[in-house]
Amino acid sequence: MSEQLPSGGVELSPEEIGALDARWSSCWTPGEVARRLAGISAPWYVAAGWALDLFRGTRTRAHGDIEIAVPAASFPEVRQRFPGYVFDAVGGGRIWADVTPEVPAAVHQTWLRDPATGNYLLDVFREPHEGDTWICRRDESIRLPYRDIVHRTRDGIPYLAPELVLLFKAKHTRRKDQTDFETTVPRLTPAQRGTLAALLARVHPGHPWIAGL
């Protein structure tokens, strides 16, 4: 994925950034997303905070949005599942509305928008990969088969392995990220704790979470 943002787009004002919470207030749940993507061939999964709640088997806090991830090359297949909606690419504080296929290749996030209301319903991450091998966007030397990182709930909703969710959350360690760490770690297996500790030492050396593992 290119680090060079494309030209164009609209820079969000502070007021527009402040209004985003309201625009995400009617976002879908993991179950709704799973129903809409049923039968898709791409190895997609729920990411971020919702993924940890799926792992824990219960909703532990409010979620301001919902994020899923797909291999970048599979994004067109996902896009075809949402006729009547539009995708806005997002990056660097800018939004490219109703994007052409060229723009998403340069940025990581794409927000699904209901054109009738202007509300956002789903955030799709387009992840680097090589075939069926997932590549960590924080450290491209970390490569794992999708079959090893995608877990499923009892009713079949796919979600990212919790140790990898926490690896991504470690970068900013916001209050909600710290809470997610504290409520998830006791449920991890010793192997998962060891994997998370090793990945944190590699991507974020000296991170305070390492001592808690």
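The structure this text deals with has already been given above.
Described in the following lines is the structure provided in the data block. All values derive from a computational prediction rather than experimental measurement.

Rules used throughout
Residues numbered from 1 in each chain as written. Predicted model: local features only at pLDDT ≥ 70, side-chain atom pairs only at ≥ 80, totals over all residues. Heavy atoms only, no water. Phe/Tyr/Trp six-rings, centres within 6.5 Å; stacked < 30°, edge-to-face > 60°. Helix = DSSP H or I, 4+ residues; strand = E, 2+ residues; numbered from the N terminus. Buried < 20%, exposed > 50% of the residue type's maximum accessible area, 1.4 Å probe, protein only. Lys NZ or Arg CZ within 6 Å of the ring centre and 35° of its normal. Core = buried A, V, L, I, M, F, W, Y, C linked by side-chain atoms within 4.5 Å. Contact = heavy atoms within 4.5 Å. Pairing = 2+ DSSP bridges. Salt bridge = Lys/Arg side-chain N within 4 Å of Asp/Glu carboxyl O.

**Some points on the packing of aromatic side chains**
Argument step 1. The final tally for this structure, using the stated rule, is nine aromatic pairs.
Argument step 2. Ring geometry for Trp 28 versus Tyr 85: centroids 5.7 Å apart, planes at 85 degrees, classification edge-to-face. Of this pair, Trp 28 sits in the loop between α2 (20-23) and α3 (30-36) while Tyr 85 sits in the loop between α5 (75-79) and β4 (86-91), placing them 57 residues apart in sequence.
Argument step 3. You can call Trp 28 buried: its relative accessible area is 11%.
Argument step 4. In this structure Tyr 85 comes out as partly exposed when scored by relative accessible area, which is 25%.
Argument step 5. Seen in terms of ring centroids, Trp 134 and Phe 168 are 6.3 Å apart; in terms of plane orientation they differ by 90 degrees. Their pairing is edge-to-face. Within this pair, whereas Trp 134 is found in strand β9 (residues 133-135), its partner Phe 168 is found in helix α7 (residues 162-169), the two being separated by 34 residues in sequence. As far as the burial class goes, Trp 134 and Phe 168 line up, both buried.
Argument step 6. Here the aromatic cluster, defined as three or more aromatic residues joined through ring pairs, consists of Trp 28, Phe 75, Phe 82, Tyr 85 and Phe 87.
Argument step 7. Its guanidinium or amino end placed over the ring of Phe 125, Arg 137 lies 5.3 Å from that ring's centre, counting from NZ or CZ.

**Here we look at the nonpolar core**
Argument step 1. Grouped together as the largest cluster of nonpolar side chains are 60 residues, with contacts concentrated most on Trp 44, Tyr 45, Val 46, Leu 122 and Trp 134.
Argument step 2. Ignoring any residue separated from it by four or fewer positions in sequence, one finds Leu 122 in contact with Trp 24, Trp 28, Val 33, Ile 66, Ile 68, Phe 82, Thr 110, Trp 111 and Leu 112.

**Observations regarding the pairing of strand β6 (residues 109-113)**
Argument step 1. Among the five residues that make up β6, four are buried, leaving the element largely enclosed by the rest of the structure.
Argument step 2. As judged from the five bridges shared by β6 and strand β7 (residues 120-127), these two strands associate in the antiparallel manner. Residue Trp 111 lies in a different strand from β7, and its bridge partner there is Asp 123.
Argument step 3. Counting the residues between successive antiparallel strands, the hairpin from β6 to β7 contains six residues, one of them, Gly 118, with a positive phi of roughly 80 degrees.

**A short note on the pattern of salt bridges**
Argument step 1. With the rule as written, the count across this model stands at 13 salt bridges.
Argument step 2. With its nearest N and O atoms 2.7 Å apart, the salt bridge here joins Arg 35 to Glu 32. Residue Arg 35 and its partner Glu 32 are both found in helix α3; the two are separated by three residues, about one turn of the helix.
Argument step 3. Look at Arg 35 and you get exposed, because its relative accessible area is 57%.
Argument step 4. Two residues, Asp 180 and Arg 56, come together in a salt bridge whose shortest N-O distance is 3.7 Å.

**Here's the deal with the pairing of β4**
Argument step 1. Here β4 lies mainly inside the structure; six of its six residues are buried.
Argument step 2. Burial of the side chains of β4 extends over both faces: Val 86, Asp 88 and Val 90 are buried on one face and Phe 87, Ala 89 and Gly 91 on the other.
Argument step 3. In this structure, β4 lies alongside β6, joined through five bridges in antiparallel fashion. Within β6, the position partnered with Asp 88 by the bridge is Trp 111.
Argument step 4. Alignment of β4 against strand β5 (residues 94-96), held across three bridges, turns out to be antiparallel. Of the residues in β5, the one forming a bridge with Val 90 is Ile 95.
Argument step 5. Between the end of β4 and the start of β5, which pair antiparallel, lie two residues, with Gly 92 showing a positive phi angle near 60 degrees.

**As for helix α4 (residues 48-56)**
Argument step 1. In terms of burial, α4 is largely enclosed, as eight of its nine residues are buried.
Argument step 2. Buried residues in α4 make contact with α3, β2 (45-46), β12 (158-160), α7, α8 (175-184) and α9 (190-203).
Argument step 3. Downstream of α4 by a residue or two, Gly 57 has a phi angle that is positive, lying close to 85 degrees.

**Considerations on the sheet that holds strand β8 (residues 129-130)**
Argument step 1. If you trace the three strands from one edge of the open sheet to the other, you get β8-β9-β10, paired in antiparallel fashion. This sheet does not close on itself; its edge strands, each paired only once, are β8 and β10 (143-145).
Argument step 2. Inspection of the sheet shows β8 paired to β9 by two bridges, in the antiparallel sense. Across the sheet, residue His 129 finds its bridge partner in β9, namely Trp 134.

Read these as spatial facts, not as claims about activity.
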